[in-house]
Amino acid sequence: MKIIVTGGCGFIGSNFIHYVMHKHPSYHIVNIDKLTYAGNLENLKGVERKSTYRFIKADICNSIAMKKVFDHYRPHAVVNFAAESHVDRSISAPAVFVKTNVLGVSTLLNCSLEYSVQKFLHISTDEVYGSIQRGKFTEKSVLEPSSPYSASKAAADAMVLAYVKTYGLPALITRSSNNYGPFQFPEKFIPLVINNALKDKKIPLYGDGRNIRDWIYVEDNCEAIDHVLHKGRIGEIYNIGGQNERENIFVIRAILKSLRKPASLIAYVKDRPGHDRRYALSIAKIKRHIGWTPRTSFESGIKKTIHWYKSNTPWLRNTETGAYRSFYTKYYSKMGLSE
Ligand code: NAD
Ligand code: TDX
């Protein structure tokens, strides 16, 4: 099977590429990534020289570049991770979220139609449902996104489903809860807490710190995505939840305790505008149709994650100094290519 993975240099995309290359060694992966601030070639160290892997630096909004890639590689499937993914950035600069998350997706949908892709798996998020006080969101819940990020993801979901209905594109969608684990850029909550705590820096906690997220260890999400890619039904949406709901303050305390750092590092700050109070997903559908359930408890996942960040301080430092941005040049000279 030949798969185009977009956004494969980001957090979940890179974990997914490692997962697939290990689980299905005969599969060919073509990774398309624009290498925004969130794309890091260091996440794919060890994979780059494999004959079953290709990296292409390109923007999913560029229809000419996308057509060229689809024409050359003729993929069986597309798994679309590429996105602007950080809620705070979407609040201060929403335009690029509309561009990549909506226009970029429609470009990929057009190419997938033109080149008769057999499966288009779009990676979406639980944030499209908005906030829920009690109970859990099912795939049939109304979409009430709160941030420009989640609104752009909801618009993309609607485009994907419209392509299924109007053109018969064989597409489907996953909506996962908050991921954590190796290779997550330290602007996101869990790696930010670990990074700041390791450096004895204050940790900003928004509002009263009692917002709830349902945390899923990234490898569990990759396993679920792989199952949906192979067994999911066309036109369907699958929620992927970790079933580990935790208040933000609980998460910080757990990390500080594990790192033996004082609670005085916590700094309560002004709340995020439009901050969703609670996310919670029903995973009954994916259990029933696909037979998937998450494996990793929050306690074991956070232990593995803290261990990974402690053992990969150069990776963390490179994301902070910006040194990871030069990996592209190094990558090209290592592969004997010219830019
Ligand atoms: P990320 O920000 O770590 O990675 C995004 C990747 O996409 C980066 O490598 C970036 O360079 C690339 N990219 C951005 N714009 C691009 C463009 N125009 N063309 C090509 N590549 C581009 O994001 P992530 O956390 O790995 O999230 C991956 C996907 O999963 C996103 O679609 C996100 O909405 C979704 N998601 C994330 C979470 C989470 O907790 N992180 C939860 C649910 C869903
Ligand atoms: O410094 C912080 N302090 C803080 O209290 C940051 C960065 C976050 N928070 C809070 C806000 C949220 O309640 O922590 C929680 C998690 O924040 P983020 O890591 O920014 O994640 P969230 O906004 O929940 O969105 C994430 O999950 C769904 C991903 O970034 C999205 O891409 C995904 O779709």
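Below is a short write-up of the structure. Source: prediction; values computed, not measured. (Residues numbered from 1 in each chain as written. Chains lettered and ligands numbered in written order. Predicted model: local features only at pLDDT ≥ 70, side-chain atom pairs only at ≥ 80, totals over all residues. Heavy atoms only, no water.)

**Some points on the overall build of the chain**
Next, step 1: When you go through the chain residue by residue, the secondary structure sums to 12 helices and 12 strands.
Next, step 2: For the C-alpha atoms alone, the extent of the chain along its principal axes is close to 55 × 50 × 35 Å.
Next, step 3: Within the chain, the fraction of its 339 residues that count as buried is 58%.
Next, step 4: For the chain, long-range pairs separated by at least 24 residues make up 83% of all intrachain contacts whose partners lie at least 6 apart in sequence.
Next, step 5: Accessible surface computed for the chain: about 14600 Å², of which carbon and sulfur atoms make up 53%. (Helix = DSSP H or I, 4+ residues; strand = E, 2+ residues; numbered from the N terminus. Buried < 20%, exposed > 50% of the residue type's maximum accessible area, 1.4 Å probe, protein only. Contact = heavy atoms within 4.5 Å. Areas by Shrake-Rupley, 256 points an atom, 1.4 Å probe, with all protein chains shown as cover.)

**So, the pattern of salt bridges**
Between side chains of opposite charge, a pair can form as their charged atoms come close.
Next, step 1: What the rule picks out here adds up to 17 salt bridges.
Next, step 2: A salt bridge links E42 to K45, with the nearest nitrogen and oxygen atoms 3.9 Å apart.
Next, step 3: What makes E42 buried here is its relative accessible area of 12%.
Next, step 4: Judged by relative accessible area, K45 falls into the exposed class, the value being 55%.
Next, step 5: One salt bridge connects E247 with R210, and the closest N-O pair in it is separated by 2.9 Å. Placement of the pair is E247 in strand β11 (residues 245-247) and R210 in the loop between β8 (203-206) and β9 (212-217), with a sequence separation of 37 residues.
Next, step 6: One salt-bridge network, held together by shared partners, links R89, E187 and K188. (Salt bridge = Lys/Arg side-chain N within 4 Å of Asp/Glu carboxyl O.)

**Thoughts on the pairing of strand β2 (residues 28-33)**
Next, step 1: A large share of β2 lies buried, amounting to five of its six residues.
Next, step 2: As paired strands, β2 and strand β3 (residues 53-57) are joined by five bridges and run parallel to one another. When the sheet's bridge partners are listed, D33 is paired in β3 with K57. (Pairing = 2+ DSSP bridges.)

**Here we look at the site of ligand 2**
Next, step 1: Of all residues adjacent to ligand 2, which total 20 residues, the nearest are T125, E127, Y149, R272 and H275.
Next, step 2: Between ligand 2 and P204, the relevant distance is 2.9 Å, taken from a nitrogen atom to a main-chain nitrogen or oxygen of the residue.
Next, step 3: Between ligand 2 and N248 there is a distance of 2.9 Å, counted from an oxygen atom to a side-chain nitrogen or oxygen.
Next, step 4: For ligand 2, whose accessible area on its own is 650 Å², the fraction buried by protein is 94%.
Next, step 5: Elements with a contribution of two residues or more to the shell around ligand 2: α6 (189-198) and β8.
Next, step 6: For the shell around ligand 2, the element with the most residues is β8, which contributes three residues. (Near = heavy atom within 4 Å. Polar contact = N/O pair within 3.5 Å; in protein donor to acceptor, adjacent residues only side chain to side chain.)

**Description of the site of ligand 1**
Next, step 1: Near ligand 1 there are 28 residues, and of these I12, D33, S85, Y149 and K153 occur at the shortest range.
Next, step 2: G10 places a main-chain nitrogen or oxygen 2.9 Å from an oxygen atom of ligand 1.
Next, step 3: Surface burial for ligand 1 is 97%, taken as the share of its 840 Å² of free accessible area covered by protein chains.
Next, step 4: Of all the elements in the fold, those that place two or more residues in the shell around ligand 1 are α1 (11-23), β5 (119-125), α5 (148-167) and β7 (178-180).
Next, step 5: Sort the elements by how many residues they give to the shell around ligand 1 and β5 lands first, with three residues.

**What to know about the packing of aromatic side chains**
Two aromatic rings are characterised by how far apart their centres lie and by the angle between their planes.
Next, step 1: Counted under the stated rule, the structure contains 17 aromatic pairs.
Next, step 2: Ring geometry for F97 against Y149: centres 6.3 Å apart, planes inclined by 85 degrees, an arrangement best described as edge-to-face. Here F97, found in helix α4 (residues 95-114), pairs with Y149, found in helix α5; they are 52 residues apart in sequence, far enough to count as distant. With respect to class, F97 is no different from Y149; both count as buried.
Next, step 3: Between Y180 and F298, the aromatic rings sit 5.7 Å apart at their centres with planes inclined by 50 degrees, giving tilted as the arrangement. One end of the pair, Y180, is in strand β7; the other, F298, is in helix α10 (residues 298-311), and 118 residues separate them in sequence. In terms of burial, Y180 and F298 fall into one category: buried.
Next, step 4: Taken together, the ring pairs in this structure connect Y180, F189, W215, Y217, F250 and F298 into an aromatic cluster.
Next, step 5: Lying across the ring of Y37, R89 places its NZ or CZ 3.5 Å from the centre.
Next, step 6: Here K285 stacks its cationic end above the ring of Y238, 5.1 Å away from the centre of that ring. (Phe/Tyr/Trp six-rings, centres within 6.5 Å; stacked < 30°, edge-to-face > 60°. Lys NZ or Arg CZ within 6 Å of the ring centre and 35° of its normal.)

**A short note on the nonpolar core**
Next, step 1: The biggest cluster of nonpolar side chains holds 70 residues, and the ones touching the most others in it are Y53, V79, I190, I255 and I286.
Next, step 2: The leading source of residues in this core is α1, at seven residues.
Next, step 3: The contacts of I190, once residues within four sequence positions are left out, are Y180, W215, V251, I255, F298, I302 and T305.
Next, step 4: With 35 residues, the next largest nonpolar core counts M66, L108, Y129 and Y163 among its residues. (Core = buried A, V, L, I, M, F, W, Y, C linked by side-chain atoms within 4.5 Å.)

**Some thoughts on the pairing of strand β10 (residues 237-240)**
Next, step 1: Burial of the side chains of β10 extends over both faces: I237 and N239 are buried on one face and Y238 and I240 on the other.
Next, step 2: In this structure, strand β6 (residues 171-176) lies alongside β10, joined through four bridges in parallel fashion. Paired with T174 across the two strands is Y238, which belongs to β10.

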